[in-house]
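Chain by chain, the residues:
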Amino acid sequence: NVVLAADNDGDEETSEGESSEKDSEATASDATDEEPEEEPPSVGYRAGRYVLGDGDANSLHINGRVQMRGQYTSVDQGGDSRGHSHQFLLARARLTLEGTAYTKRLSYKVQPHFDRGQVGLKDFYLDYRVGEGATRVRMGQFKMAFSRQFIQSSSILEFVDRSIVNDYIGNGRDIGIQLHNGIENLPENEWSIGVFNGTGDESRFQPTTVVNPATMETEIVDGTFSNVPDKIRPAVALRVGHNNEAMQAEPYSEPDTTFGGFRYSVGAAVLTHFRYGAGAASTRAGVDFLVKSEGISASGGIFADMQGPKVADLSYVGIAAFAQAGYMLNETKQVALLYATIAQEGGDNQQEVSAAFTHFEFGHDVKWQADITLLHSDDGTKRQDIRARSQIQLSF
């Protein structure tokens, strides 16, 4: 390398190894005054993703994920009768495109899916960082920030899938706008508030009807599939949380595959569906946690469910809770246990007890998981269902 240094007699070329006080001062001045060089365009495969970039603000990360699952279920049909089902399925088959555009303040994510033989859209949003702080504005279709287990990706779970509590409390994606401070990146104090359609991300058939003047009956003559409602049923999701310094330094996942020191994360959230257009109003509120240390992990949450014809008329209808723990036997193998319960007014109760084993071939990118579950239901008739699942995940 060659360094150009100026003195009173003119320009003098010296090698990098020949240093002097004058040369050092001149070099420091040049480094301060010159514009930093732009990074060259880059193409490569890093951290499980194909990465493209122009050396400036524009970048694209490409990632694919497949979860191939075999599943067996034994359903209690009463008495000594049981029904059996068994199948292979692509539980998840997804392609993710994300990066930045125009400025490093503006990021995006696009995630189409091909799960279970259907084509759809999971995520499509823009995320803009406001000013020099951490505040961001997210617009599009994405996960409502409510419970921790749903916020984290299904690719980094300790079990083949999430607990029965996740479906009950109404986690999901929706179209809306959200203010947050980068909760997926585990800031010390996380917060978010979002307003959504309240109708979810799944497409529904919306018929076009006409009235037959002869019979005055309404007839369906056409229709389309769409996830845009005629009238919104506003949903508001609010979440706050705290992550200690050690937790902030690693990716968000349930198992402690890094065998790090003690770290923890706690959060509280409220999700309210207002009645405007159709459906009843509801509010779910809860707290959740994640603790990890030296290959041991524990997580869980408890949520109260209130429903009514309007938000002003909400009343308690149920509670849901889960707790799970995992232990890394070595750097590639983990065992885990889970208990979940749903208790509703009127006696419609459910319980889930599961045990799981995971082998990490290349971390979460290539792993095999198996779990077995006892599902107990009591809605007047007690039932004991058994489910066994085996799943291979490949991320590339």
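Going along each chain's sequence as written, the residues are numbered from 1 onward. Given that this is a predicted model, residues contribute local features only at a pLDDT of at least 70 and side-chain atom pairs are listed and counted only at 80 or more, while totals for whole chains, interfaces and linings are drawn from all residues. Hydrogens and waters are ignored; side-chain quantities use all the structure's heavy atoms.

### Some thoughts on the pattern of salt bridges
For step 1, the next point in the chain: By definition, a salt bridge exists where a carboxyl oxygen of Asp or Glu is found within 4 Å of a side-chain nitrogen of Lys or Arg. Across all of its chains, the model carries 16 salt bridges by this definition.
For step 2, the next point in the chain: As a salt-bridge pair, Lys109 and Asp123 come within 4.0 Å of each other at their nearest N and O atoms. In this pair, Lys109 sits in strand β7 (residues 103-113) while Asp123 sits in strand β8 (residues 120-129), placing the two residues 14 residues apart along the sequence. Across the pair, Asp123 and Lys109 agree in class, each one buried. Strands are runs of DSSP state E lasting at least two residues, helices are runs of H or I lasting at least four, and both sets are numbered from the N terminus onward. Accessible area is worked out with a 1.4 Å probe on protein chains only. A residue is then buried under 20% of its type maximum, exposed over 50%, and partly exposed in between.

### Focus on the packing of aromatic side chains
For step 1, the next point in the chain: Here a Phe, Tyr or Trp ring, Trp counted by its six-membered ring, pairs with any other such ring whose centre lies within 6.5 Å, and the pair is stacked when the planes are under 30 degrees apart, edge-to-face when over 60, and tilted otherwise. In total, this model carries five aromatic pairs according to the counting rule given.
For step 2, the next point in the chain: An aromatic cluster is defined as three or more aromatic residues linked by ring pairs; in this entry it consists of Tyr125, Phe142 and Phe196.
For step 3, the next point in the chain: Here the guanidinium or amino end of Arg138 rests over the ring plane of Phe142, the centre of that ring lying 5.7 Å away.
For step 4, the next point in the chain: Of note, Lys143 hangs over the ring of Phe150, and the distance from its end group to the ring centre comes to 4.9 Å. Our definition puts a charge over a ring when NZ of Lys or CZ of Arg is within 6 Å of the ring centre and also within 35 degrees of the ring normal.

### Thoughts on the confidence of the model for the chain
For step 1, the next point in the chain: The predicted model of the chain has a mean per-residue pLDDT of 86, with 89% of residues at 70 or higher.
For step 2, the next point in the chain: When the criterion is pLDDT under 50, residues 1-33 qualifies, and its contacts beyond four places in sequence or with other chains add up to 19 contacts. A residue's pLDDT is the predictor's confidence in that residue, given on a scale from 0 to 100. By definition in these notes, contact holds between two residues if any of their heavy atoms fall within 4.5 Å.

### Observations regarding unusual backbone geometry
For step 1, the next point in the chain: Positive phi, normally seen in glycine, also occurs at Leu186, with a value near 55°.
For step 2, the next point in the chain: Along the polypeptide, Leu186 turns up in the loop between β10 (173-180) and β11 (189-196).
For step 3, the next point in the chain: You will see that Phe259, though not glycine, has its phi angle at about 55°, which is positive.
For step 4, the next point in the chain: Tracing the chain through its elements places Phe259 in the loop between α4 (245-248) and β15 (263-273).
For step 5, the next point in the chain: What makes Phe259 partly exposed here is its relative accessible area of 30%.

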